[in-house]
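Geometric and topological summary
Here is what each chain is made of, one letter per residue.
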Number of protein chains: 2
Amino acid sequence: MTDKRRRRLPRSVREQEIIDAALGVFSKRGYRAAVVDEIADLAGISKPMVYLYLGSKEGLFIACVRRESQRLAAAFREAAQAGDSPEQRLWAGLGAFFAFVAEHRDSWVVLHRQAPEQGEAIAQEIADARRSVMAEVNGLVRDGITKGGEADRLGEQEADFVAHALVGAADSLTDWMERHPGEPPERVTVRLMNVMWVGMRNVLVGEVWVPPQHDA
Amino acid sequence: MTDKRRRRLPRSVREQEIIDAALGVFSKRGYRAAVVDEIADLAGISKPMVYLYLGSKEGLFIACVRRESQRLAAAFREAAQAGDSPEQRLWAGLGAFFAFVAEHRDSWVVLHRQAPEQGEAIAQEIADARRSVMAEVNGLVRDGITKGGEADRLGEQEADFVAHALVGAADSLTDWMERHPGEPPERVTVRLMNVMWVGMRNVLVGEVWVPPQHDA
């Protein structure tokens, strides 16, 4: 019985608090070992109330995946839209991604490390989340082309290919980032720009991409 | 009771047959839904014999992950070693990877899509498999540098970064490949070389990397 429990809150606020608590518990314990009692306790609410709000442990997990993937996609989109060249949009988008992962570790653990085989509904939600992130990146790639005056160079299929390569590389690099906690997300972004933007050949001969000076 | 069941085979051969059968069943059903009876039946051996050979359903899965990740790493390594420039080594290594995925779909489903949260032992085995593939790619990246006369340009940490980007991109692109079954692995490889080798900037302005003519 915490102080929180006695507060009266609107449903939407309460729901967000429950999702906050669930994120922490799922990230720390993993889906299977997580227990709703701990989530309820952290949220300062009774277990029946948690079920009333979000249905089940599975419902809690799905709510976490949905909210956090939307946040991640929005962070990526907003950052990318602010850039005024393909190079800057990619740089800003990737920067927002790595910053999100660094700042919201629990969210990333739930989105990235929790198993897809937790049952159909969760697998579906994670697949949807990945698709929505992929769509953002695809949009950035296609948008980058058009605004760069090279319309029609990259078809839908090619843009989707580049999006898969980018998302896969960025996903995988969060594991690298985890093992190099001293490396700030900004440096990780610049490193990836070196590999993906200027190209690995240039990295190999020692050429280094530097962030454009212009406003960003 | 099939004809197979009556054959007498050396233990090592029998074991490989059981793993072949298990791969097919795990790939088709998923870990949870897979039943050892079906694996035994496919392998033409009794269920107690399957347990005698490989211990448990978990043991079967681990044997699949171990064998197939070693095969994949070996295919990558052998192909990459045959190239005589960094560019050719990367091209050949990625080509072997995508060819393996296309030709051994069951293996790739088990390695890539089966959940890590199937228990500690399996999660450990999949993590080990990923580490061993990463080590091959890391070796290729560092080797590429040294033989290219650019020793010391890339440190261990930087090579590991590039390896993570490459492995992540390639992993993610197998999903793209699955949705474009008409695309042969060779074309997927050339596409990725365009993105990762020549650099995304060059793709954006319409420059296209073509495989070197020299012997490969």
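By the naming in an unreviewed UniProt entry, chain A is TetR/AcrR family transcriptional regulator, taken from Streptomyces johnsoniae.

The helix and strand inventory of chain A stands at eleven helices and zero strands. N-terminal to C-terminal, the α/β element order of chain A is α-α-α-α-α-α-α-α-α-α-α. Residues counted as buried form 52% of the 216 residues belonging to chain A. Long-range contacts, defined as pairs at least 24 residues apart, comprise 65% of the intrachain contacts of chain A with a sequence gap of at least 6. On chain A, roughly 9800 Å² of surface is accessible, and the fraction owed to carbon and sulfur atoms is 52%.

As a further point, take helix H3 (residues 36–43) of chain B. Every α-helix winds through 3.6 residues per turn, so residues three or four apart in the chain are directed the same way. Residue and element names in this part refer to chain B. Looking at H3, one finds that the buried residues are Val36, Ile39, Ala40 and Ala43. One side of H3 holds all its buried residues, which, seen down the axis, span an arc of 100°. Two residues or fewer after H3 comes Gly44, characterised by a positive phi angle close to 65°.

So, on to the UniProt feature "DNA-binding region" (unreviewed entry) in chain A. Residues annotated by UniProt as "DNA-binding region" (unreviewed entry) correspond here to residues 35–54 of chain A. Annotated as residues 35–54 of chain A, this span is 80% helix and 0% strand, and its ends, taken at the C-alpha atoms, are 14 Å apart.

Let's shift gears to the nonpolar core. In this structure, Phe26 and Leu192 of chain A together with Phe26 and Leu192 of chain B are the most contacted members of the largest nonpolar core, which totals 124 residues. Ignoring anything within four residues of it in the chain, the contact list for Phe26 of chain A reads Tyr31, Ala34, Ile39, Lys57, Leu60, Phe61, Cys64, Val110 and Gln114 of chain A.

A few words now on the environment of Val167 of chain A. Residue and element names in this part refer to chain A. Among the secondary structure elements, Val167 is positioned in helix H9 (residues 156–179). Separated by 34 residues in sequence, Val167 and Val133 place their C-alpha atoms 8.2 Å apart. Discounting residues that sit within four places of it in the chain, Val167 has contacts with Arg130, Met134 and Val137.

A separate point is the packing of aromatic side chains. A complete count under the given rule lists twelve aromatic pairs over all chains for this structure. Ring geometry for Phe26 of chain A versus Phe61 of chain A: centroids 4.9 Å apart, planes at 80°, classification edge-to-face. You can see Phe26 of chain A sitting in helix H2 (residues 11–29) and its partner Phe61 of chain A sitting in helix H5 (residues 57–82), a full 35 residues away along the chain. Overall, the relative accessible area of 0% leaves Phe26 of chain A in the buried class. On the numbers, 5.7 Å between centres and 25° between planes, the contact of Phe26 of chain B with Tyr31 of chain B is stacked. For the pair shown, Phe26 of chain B and Tyr31 of chain B are each scored as buried. Linked through ring pairs, Phe26, Tyr31 and Phe61 of chain A together constitute an aromatic cluster. The ring of Tyr31 of chain A carries the charged tip of Lys57 of chain A above its face, separated from the ring centre by 4.9 Å. Between the NZ or CZ atom of Arg191 of chain A and the centre of the ring of Phe161 of chain B, over which it lies, the distance is 5.6 Å.

This part takes up the pattern of salt bridges. Residue and element names in this part refer to chain A. One pass over the structure, following the stated rule, counts 28 salt bridges over all chains. The residue Arg29 makes a salt bridge to Glu38 at a minimum N-O spacing of 2.8 Å. Judged by relative accessible area, Arg29 falls into the partly exposed class, the value being 39%. Given a relative accessible area of 22%, Glu38 falls into the partly exposed group. Across the pair Glu125 and Arg66 runs a salt bridge, and its minimum N-O distance is 2.7 Å. One end of the pair, Glu125, is in helix H8 (residues 120–147); the other, Arg66, is in helix H5, with 59 residues separating them in the sequence. Arg66 gets classed as partly exposed once you look at its relative accessible area, which sits at 43%. Among the ionic contacts, a cluster of salt bridges with common partners joins Asp20, Arg67, Glu68 and Arg71.

What follows is about helix H4 (residues 47–54) of chain A. All names here are of chain A. If you check which residues of H4 are buried, you get Val50, Tyr53 and Leu54. Buried residues in H4, looked at end-on, bunch into an arc of 70°, giving them a common side. In H4, the exposed positions that point more than 90 degrees away from the buried face belong to Pro48 and Leu52. A positive backbone phi angle near 85° is found at Gly55, which sits one or two residues after H4.

Here the focus is the side chain of Ser69 of chain B. Tracing the chain through its elements places Ser69 of chain B in helix H5 (residues 57–82). In this view, Ser69 of chain B contacts Leu111 and Ala129 of chain B; residues no more than four positions away in its chain are not counted.

Residue and element names in this part refer to chain A. Where H2 meets H4, the axes come as close as 11 Å, and the angle between the chain directions of the two elements is 105°. Here H4 runs roughly perpendicular to H2, going by the angle between their axes. Of H4, the residues touching H2 (which contributes Arg11, Arg14, Glu15, Ile18 and Ile19) are Val50, Leu52, Tyr53 and Leu54. By residue class, the composition of the contact of H2 with H4 is six nonpolar, no polar and three charged.

Calculation notes
- Throughout this description, residue numbers start from 1 for each chain and increase along the sequence as written.
- Ligands are numbered from 1 and chains lettered from A, in the order in which they are written.
- Since the coordinates come from a predicted model, pLDDT governs what is reported: local features require at least 70, and pairs of side-chain atoms require 80 or more to be given and counted, while whole-chain, interface and lining totals use all residues.
- Where side-chain values are given, they derive from all heavy atoms of the structure, hydrogens and water being excluded.
- Secondary structure is summarised from DSSP: a helix means a run of H or I of at least four residues, a strand means a run of E of at least two, and numbering begins at the N terminus for each.
- Only protein chains enter the accessibility calculation, which uses a 1.4 Å probe. A residue is then buried if its area is under 20% of the maximum for its type, exposed if over 50%, and partly exposed in between.
- Contacts between residues were defined by any pair of non-hydrogen atoms, one from each residue, lying within 4.5 Å.
- With residues, only the protein chains shown are counted as cover, and all accessible areas are computed by Shrake-Rupley using a 1.4 Å probe.
- Here, the arc refers to the directions that run from the helix axis to the C-beta atoms.
- UniProt positions are given in the numbering used here, feature names are shortened, and annotations may be inferred rather than shown by experiment.
- Nine residue types can take part in a nonpolar core, namely buried Ala, Val, Leu, Ile, Met, Phe, Trp, Tyr and Cys, and a core is a set of them joined through side-chain atoms within 4.5 Å.
- Classification of ring pairs rests on two measures: the distance between centres of Phe, Tyr or Trp rings, Trp counted by its six-membered ring, which must be within 6.5 Å, and the angle between planes, read as stacked under 30 degrees, edge-to-face over 60 and tilted in between.
- Consider the ring centre and the ring normal. A charge sits over the ring if Lys NZ or Arg CZ is within 6 Å of that centre and within 35 degrees of that normal.
- The salt bridge criterion pairs a side-chain nitrogen of Lys or Arg with a carboxyl oxygen of Asp or Glu, the two atoms within 4 Å.
- Orientation is described by axes fitted as lines to C-alpha atoms, over the contacting stretch for helices, and by angles from 0 to 180 degrees between their N-to-C directions.
- Any angle between 65 and 115 degrees counts as roughly perpendicular, while under 35 counts as roughly parallel, over 145 as roughly antiparallel, and the rest as oblique.
- Side-chain classes are defined by residue name, with Ala, Val, Leu, Ile, Met, Phe, Trp, Tyr, Cys and Pro counting as nonpolar, Asp, Glu, Lys and Arg as charged, and the others, Gly among them, as polar.

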